[in-house]
Protein chains: 2
Amino acid sequence: MEEKVDCDIRELLDKISSRMRRDYSESLRELDLYVGQDNLLHRLWSGDGVTQMQLCEHLNCEPPTVTNMVKSLEQNGFIYRKRDQKDARVMRIYLTEEGKELEKPIEAKWRKQQEKLLNSILPEERMLLRRIMKQMESNLF
Amino acid sequence: MEEKVDCDIRELLDKISSRMRRDYSESLRELDLYVGQDNLLHRLWSGDGVTQMQLCEHLNCEPPTVTNMVKSLEQNGFIYRKRDQKDARVMRIYLTEEGKELEKPIEAKWRKQQEKLLNSILPEERMLLRRIMKQMESNLF
DNA sequence: GTGTTATATATAGCTTGCTAATCATATTGG
DNA sequence: CCAATATGATTAGCAAGCTATATATAACAC
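To keep things clear, this report deals only with the structure shown in the data block. In this text, all values refer to a predicted model and were calculated from it rather than measured experimentally.

### Details of the overall build of chain A
Now for step 1: If you tally the helices and strands in chain A, you get seven helices and three strands.
Now for step 2: In sequence order, the secondary structure elements of chain A are arranged as α-α-β-α-α-β-β-α-α-α.
Now for step 3: Overall size of chain A, expressed as C-alpha extent along the three principal axes, is 60 × 30 × 25 Å.
Now for step 4: A separation of at least 24 residues holds for 42% of the contacts in chain A among residues at least 6 apart in sequence.

Written out as C-alpha cells, the structure is:
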C-alpha cells in the first residue's frame with residue numbers, strides 16, 4: 001500500500017516533468033528558442049562573459065551539451081563567443097542585444113507556467129511542497 | 001516573497017527531474033536500455049500486442065518517437081513487431097523472452113531510485129506530496 | 001466502384017542530452 | 001627547457017523528443 005504511494009510519486013514526477021517540458025518547449029518556439037536554452041540565457045542575464053565550464057556547472061550537464069547549445073544560440077544571434085585573453089583554451093560567452101531582450105518575455109513565460117502548475121494549490125501547501133522538494137533534491141546529489 | 005517560493009518550485013522540479021533522469025539513465029545502461037524504454041516495456045508487461053498508437057498514448061509522446069524507440073528495442077532483441085491481420089496499417093508490438101526477463105531488474109531499479117528520492121521523507125509527507133502532485137498533474141493536462 | 005478523407009506508421013531533420021575520443025593550450029615536474 | 005599531465009572545448013555518434021512531410025492502407029461518400 002505505502003509502496004504503491006511511493007511508486008506513484010516517482011511516476012507522477014516523471015509525468016509532470018515531461019509534460020511541463022513539452023508544454024514549455026512549445027511555448028518557447030514562439031521566441032525561436034529550444035527548451036533548456038532559456039536556462040543558459042538565465043545564467044548570462046545575471047552576468048555575461050562566463051566560460052563554458054561555468055555553464056556546465058550551472059546547467060548541470062556535460063561539456064558537449066554546452067558546446068551544442070552555445071553553437072545553436074550563436075547561430076540564432078542571441079549570444080556570441082570570445083576567446084579569453086589570458087587562457088586561449090577558454091571561450092567566454094556574451095549576450096547580444098537580441099539575447100538581452102529575451103529576459104522579460106521568458107520571465108513572463110516562467111510565471112505563466114508556474115501559475116498553471118500551481119493553480120489551486122494553497123500558499124501553505126506550496127511552502128511545504130518546496131521544503132519536501134528541497135529534501136528530495138539533496139537526496140539526489 | 002511568495003513569488004520567489006513559487007519560482008523555486010518550478011526550478012526545483014526541473015532540477016530534480018533532470019537529475020533523476022540522468023541517474024536513472026546511467027543505471028539503465030547496465031541492462032542495455034535507454035531511459036524511456038523502460039516505460040514502453042512497462043506497458044507491454046501488463047499486456048502484449050499493443051499498437052504503436054496505444055504506446056504513444058501511454059508514453060504521452062508523438063508517433064515518430066515511438067517508431068524510433070521500437071526500432072531500437074527491436075534491434076536489441078527485447079521486442080518484435082507483427083503486422084495486424086485485419087488492418088495492414090497497424091503494427092502490433094510483442095515482448096521477446098529477453099524483454100520479459102527485464103521486468104524484475106527494472107522494478108528493482110525503480111524501487112531503488114524512489115527510495116533514494118524519498119529518503120527521510122515521512123509517510124504523512126509522502127501522502128501529502130502525492131496529493132499535491134496529483135493536483136499539479138491535472139493542472140497540466 | 002472510384003475519389004476523397006482519415007488513420008497508422010515511417011522518414012528527414014532539428015535540439016537536448018549522453019559517452020568516448022580528439023585537439024589545443026596550460027601547468028607542472030624533472 | 002622540455003616532457004608529462006591536466007584542463008577547456010570540440011567532434012563523432014548515439015537515443016529521446018519534437019515538427020513537417022510522406023507513404024500505405026482503410027473507411028467513407030457519391
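Next comes the rest of the description.
### Concerning the protein's contact with DNA strand D
Now for step 1: In the vicinity of DNA strand D lie 27 residues, with Gln52 and Pro64 of chain A together with Gly36, Cys61 and Ala88 of chain B positioned nearest.
Now for step 2: Contributing elements (two or more residues each) for the surface near DNA strand D: helix H1 (2-28), helix H3 (52-59) and helix H4 (63-75) of chain A together with helix H4 (63-75) of chain B.
Now for step 3: Residue classes in the surface near DNA strand D are distributed as 13 nonpolar, eight polar and six charged.

### Regarding the relation of the copies chain A and chain B
Now for step 1: Mapping chain A onto chain B calls for a rotation angle of 180° and an axial translation of 0.0 Å; the resulting RMSD is 0.1 Å. Put plainly, the chains are arranged around a two-fold axis.

### Thoughts on the interface of chain A and chain B
Now for step 1: With 42 residues of chain A at the contact, the number on the chain B side is 42 residues.
Now for step 2: Secondary-structure elements contributing two or more residues to the side of chain A that touches chain B are H1, helix H6 (103-118) and helix H7 (123-140) of chain A.
Now for step 3: Class assignment of the residues belonging to the side of chain A that touches chain B gives a composition of 20 nonpolar, nine polar and 13 charged.

### Details of the protein's contact with DNA strand C
Now for step 1: Residues in contact with DNA strand C amount to 25 residues; listed here are only the nearest, Cys61, Pro64 and Ala88 of chain A together with Gln52 and Pro64 of chain B.
Now for step 2: For the surface near DNA strand C, the secondary-structure elements that each account for two or more residues are H4 of chain A together with helix H3 (52-59) and H4 of chain B.
Now for step 3: Ranked by residue count, the leading element in the surface near DNA strand C is H4 of chain A, at five residues.
Now for step 4: Partitioned by chemical class, the residues of the surface near DNA strand C number 12 nonpolar, eight polar and five charged.

### What to know about the packing of helix H2 (residues 37-45) of chain A against H3 of chain A
Residue and element names in this part refer to chain A.
Now for step 1: Where H2 contacts H3, the two axes come as close as 10 Å, and the packing angle between them is 120°. For the element pair H2 and H3, the recorded crossing hand is right-handed. Counted together, Asn39, Leu40 and Arg43 of H2 and Leu55, His58 and Leu59 of H3 form the full contact between these two elements.
Now for step 2: Taken together, the residues of the contact of H2 with H3 sort by class into three nonpolar, two polar and one charged.

### Details of the sheet that holds strand S3 (residues 91-95) of chain A
Residues and elements named next belong to chain A.
Now for step 1: In space, the three strands of this open sheet follow the order S1-S3-S2, with antiparallel pairing throughout. Of all the strands in the sheet, the pair left with one neighbour each is strand S1 (50-51) and strand S2 (79-83).
Now for step 2: Of the strand pairs in this sheet, S2 and S3 are connected by five bridges, and their pairing is antiparallel. Looking across to S3, one finds that arginine 81 is bridged to isoleucine 93.
Now for step 3: Of the strands in this sheet, S2 and S3 are in contact with H4, which crosses S2 at around 120°.

### Details of unusual backbone geometry
Most of the time, phi is negative for any residue but glycine, and the peptide bond is trans.
Residues and elements named next belong to chain B.
Now for step 1: Phi angles above zero are rare outside glycine, and aspartate 32 is one such case at about 60°.
Now for step 2: With respect to the secondary-structure elements, aspartate 32 resides in the loop between helix H1 (2-28) and helix H2 (37-45).
Now for step 3: Assessed through the 12 C-beta atoms surrounding it within 10 Å, aspartate 32 is described here as exposed.
Now for step 4: A positive phi angle, near 55°, is found at asparagine 60, a position not held by glycine.
Now for step 5: Along the chain, asparagine 60 turns up in the loop between H3 and H4.
Now for step 6: A residue is classified by how many C-beta atoms lie within 10 Å of it, and asparagine 60, with 14 of them, is partly exposed.

The rules behind the values
- Residues numbered from 1 in each chain as written.
- Chains lettered and ligands numbered in written order.
- Predicted model: local features only at pLDDT ≥ 70, side-chain atom pairs only at ≥ 80, totals over all residues.
- Helix = DSSP H or I, 4+ residues; strand = E, 2+ residues; numbered from the N terminus.
- Contact = placed C-beta atoms within 7 Å.
- Near = placed C-beta within 6 Å.
- Nonpolar A, V, L, I, M, F, W, Y, C, P; charged D, E, K, R; others polar.
- Least-squares fit on C-alpha atoms with pLDDT ≥ 70 in both.
- Axes fitted to C-alpha atoms, helices over the stretch in contact; angles between N-to-C directions.
- Left-handed = near helix turned anticlockwise from the far one by under 90°.
- Pairing = 2+ DSSP bridges.
- Buried ≥ 20, exposed ≤ 12 C-beta atoms within 10 Å, placed from the backbone.

What is shown is where atoms sit, not what they do.
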